[in-house]
Amino acid sequence: MNDRVEAKEIESVCTYCGVGCDIVGVVEKNRIVKVYAAKDGVVSQGKLCIKGKYGYDFVEAADRIREPRIRRRFLDRNPELAERFAERLKPLDGEWMRTDLETAAELAAAKLEEIRQTHGPKSFAAVGGARTSCESAYAFQKFCRETMGSPHVDNCARVCHSPSLKGMRATIGEGAATNPYNDIYETEFMIVIGSNTLEAHPIIANRIVDMARTHNNLAVIDVRRTKLAKQAKYNCVIPFEANLLILNMMAYVILDEELYDKEFVANRTKNFEEYREKILKDPTADPAFFKKVEGYEYLAKMIPNIAREYAVKRSMIFWGLGITEHLDGSYAVMALTHLALLTGNIGKTGAGLMPLRGQNNVQGACDMGCLPYYAPDYQPPEEEGLMTPQLIDAMEKGTIKALLNMGEDIAHIHPNLNKIDKALENLELLMVQELFMTGIARKADIVIGVKSAYEKTGVYINAMRRLHLSQPLVESDLPDDWEVLTLLARKLGDEENFSFESSEDVWNEVRRVAPRRFSGAAYFRLERHRKRGMQWPIYHEDTPILHLLDFRTEDGLGRFVYRPWQQRGMVEEILRGVFYRESLEGYYLTTGRTLAHYNNAAQTGRSEKLDARHAEDLLWANPEEENRFGERVILRSAHGECEALKVAYSDAIRSRTLYTTFHHATSRINALFGDESDELILTARFKSVKVEVIPVGEAWAGS
Ligand code: SF4
């Protein structure tokens, strides 16, 4: 008897980061046994990082949510519902009852209707993640706005790239990467700022490294020496909260030395003269400012050198959350676009702006209208809703009564965890659609297990606006997110808006509602071009490069919006002579990712190979601290404390600064952050918090 199993090879897209690598899944007996990149993969170039390669075990993890769960406490609080559904609920454990999808949806709909009748439609809010497909993201905002009648929909871009969208739209009219990744091979100079690209976007970093090694044309600007900086001509380590300062200085040099592209500025921009006058009069914009900043004096020369190379060459800028997660994140993004506008480094091959988007579909979730101030296609919504931090305040106050959460762990990855815990406690209904019992799912009243990206069909949009139609690697009888929403909407009587029978039905509606971007992106075309993908806007052709002739503002012109840097934080303390001191208080902590994990590690944490590489969050400090810190420390900020963290030492970390990852919920790193956020768009200030270090090991006891 021949018991050889036929292996199938199925092309799809990686479920992790915004790079959006094409993958091939090798599947035997409906199990993924291997994932690799096709040699001719357009995004992957035949290589995947370890997350893409090994991070598929989660699909068949024993703790996937297979049946909907209803919390017993919710039933105790809602005796009428408990009685009505009693025969359809079965015990799961001491905390949960289990049931079928129909019952869970009916029960949720009954509670949602009661809340809507009692407290009005705006007592409902929906916060989604960007791990699911465009079809589900579209259905999510539609359910919130049209079925429930609430404007309060948001997505996890709130804690990552919302400032990129805000800053780019304010200056060039479109909040998305301007060029394809392969333009890196056409560029002459690259600036990477606030991005740990080798770990967070490794397959893009491969291209940057290729070019930097052969052309010595890379500047890396960060508060620590990242791995990518080893390849840099300019390893530009800057003080905390100085992004806007440095970017304004670069513009100052370009203006002062008349390195700007006069023709481009005259033909394609406005407000230039006003901008020029303001910046040249701003004393903090002169790089000579750094001569007085102890420990960072070298920047007074290095910044002008970077600015000069950027201005005279065909250049690209890449940035990550090190730019956006600050008080002035949106303004720093505007300052980045100013550099491109001044020098004409935009709207052509090998020159442009590349925000390195975090999750695999964060571009798509925003394009689909999962933002309180944008409907699909960035159209104004009928009414603007609240952003997630405002929603959390409203939950605390008791005006938001019901929250639908789709693949977004706000109980782990948002700031001010102690406040969030209290706010969630106040809800009458917390419903979660998830793969696993994440932090937020454990606090929910109703939890519905859904298909993962490797089990469904759907469109994902990566960090270069590339649409990829994914197809399932394995079959699953769990519902897709959009199917749960469709069922829920129908139970609420909204068959009219939710007549979808397939993900293609949902997508075809997206194409009608957002024709400027997606009308030409029919499934059959996306299938045909699965490996290459297509970059929006897509009509007959796709659009690899944006802004060739005009910017996407009303008059087609780019705008300068000057914002002086506000002196504060670490730079101010250095200038006052109080930063370098002996105390264990007053360290500046920044956060980031490691290669092996993604976000809250809900998926990567279920892969032995990945978890073995990074089973706990580490704190990194300068070696001069070793005698004082020892092996483990607790960090305390004005907002809370984290759990004890193991300390590693490296001279990549500057004196009196600290760096940690925050993948593991058990570390409670996010308890250190408060409500400080981007002043325009409320993205949390995850990249800078002042902490006290509390050693918990023997080294401190003996010192
Ligand atoms: S770089 Fe991103 S998309 Fe590519 S394999 Fe790694 S995690 Fe997946």
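My aim in this report is to walk through the structure given alongside it, one point at a time.

Cut-offs used in this document
In every chain, residue numbers begin from 1 and rise along the written sequence. Since the coordinates come from a predicted model, pLDDT governs what is reported: local features require at least 70, and pairs of side-chain atoms require 80 or more to be given and counted, while whole-chain, interface and lining totals use all residues. The criterion for a residue being near a molecule or strand is a backbone-placed C-beta atom within 6 Å of that molecule or strand. Gly is put with the polar residues, along with every residue not named as nonpolar or charged; the nonpolar set is Ala, Val, Leu, Ile, Met, Phe, Trp, Tyr, Cys and Pro, and the charged set is Asp, Glu, Lys and Arg. For helices, the fitted line uses only the C-alpha atoms of the stretch in contact; every axis is such a line through C-alpha atoms, and the angle between N-to-C directions lies from 0 to 180 degrees. Only runs of H or I of at least four residues qualify as helices and only runs of E of at least two qualify as strands under DSSP, and these elements are numbered from the N terminus. Oblique is the label for any angle not covered by the other classes, which are roughly parallel (under 35 degrees), roughly antiparallel (over 145) and roughly perpendicular (65 to 115). Here a crossing is taken to be left-handed if its near helix is turned anticlockwise relative to the far helix by less than a right angle, and right-handed if that turn runs clockwise. Here, residues touch in the contact sense if the C-beta positions derived from the backbone fall within 7 Å of one another. The burial label depends on the number of other C-beta atoms within 10 Å of a residue's C-beta. Counts of 20 or more mean buried, 12 or fewer mean exposed, and intermediate counts mean partly exposed, with C-beta atoms placed from the backbone. Here the rule is simple: two strands pair whenever DSSP picks up at least two bridges between them. Arc, as used here, means the arc of the directions from the helix axis to the C-beta atoms.

The immediate surroundings of the ligand are formed by Cys14, Tyr16, Cys17, Val19, Gly20, Cys21, Leu48, Cys49, Lys51, Gly52, Pro202 and Ile203. A class-by-class count of the residues in the shell around the ligand yields nine nonpolar, two polar and one charged.

One way to put it is that helix α5 (residues 134-147) packs onto helix α21 (residues 503-513) with a least axis distance of 9 Å and a crossing angle of 70°. Between α5 and α21, the interaxial angle falls into the category roughly perpendicular. For the element pair α5 and α21, the recorded crossing hand is left-handed. For the pair α5 and α21, the contacting residues are Cys134, Glu135, Tyr138 and Ala139 in the first and Ser503, Val506, Trp507 and Val510 in the second. In terms of residue class, the contact of α5 with α21 is made up of six nonpolar, one polar and one charged.

In the contact formed by helix α9 (residues 243-256) and helix α12 (residues 299-312), the axes pass within 9 Å of each other and the chain directions differ by 60°. In terms of axis orientation, α9 runs oblique to α12. Here the hand of the crossing between α9 and α12 comes out right-handed. Counted together, Ile246, Met249, Met250, Val253 and Ile254 of α9 and Ile303, Pro304, Ile306, Ala307, Arg308, Tyr310 and Ala311 of α12 form the full contact between these two elements. Classifying every residue of the contact of α9 with α12 by side-chain character gives eleven nonpolar, no polar and one charged.

As a general feature of sheets, a regular strand has side chains that alternate between the two faces. Taking every second residue as pointing to the same face, both faces of strand β14 (residues 352-355) are buried, with Gly352 and Met354 on one and Leu353 and Pro355 on the other. The pairing of strand β13 (residues 315-319) with β14 spans four bridges and is classified as parallel. The partner of Phe318 across the bridge, within β14, is Met354.

With that out of the way, let us pick up helix α18 (residues 417-425). Within the span of α18, buried status applies to Leu417, Lys419, Ile420, Ala423 and Leu424. Axial view of α18: buried residues confined to an arc of 155°, hence all on one face. Residues of α18 that are buried in the fold lie against α16 (388-397), α17 (410-413) and β16 (429-434).

Okay, the sheet that holds strand β10 (residues 218-222) next. Taken in spatial order, the five strands of this open sheet run β11-β10-β9-β13-β14, and their pairing is parallel. Strands with a single pairing partner mark the edges of an open sheet, and in this sheet they are β11 (234-237) and β14. On average, adjacent strands in this sheet sit at an angle of 15° to one another, irrespective of strand direction. Across five bridges, strand β9 (residues 189-193) lies against β13 in parallel orientation. Across the sheet, Ile193 pairs through a bridge with Trp319, a residue of β13. Strands in contact with α12 are β9, β10, β11 and β13; relative to β11, the strand with the most contacts, it is inclined by about 130°.

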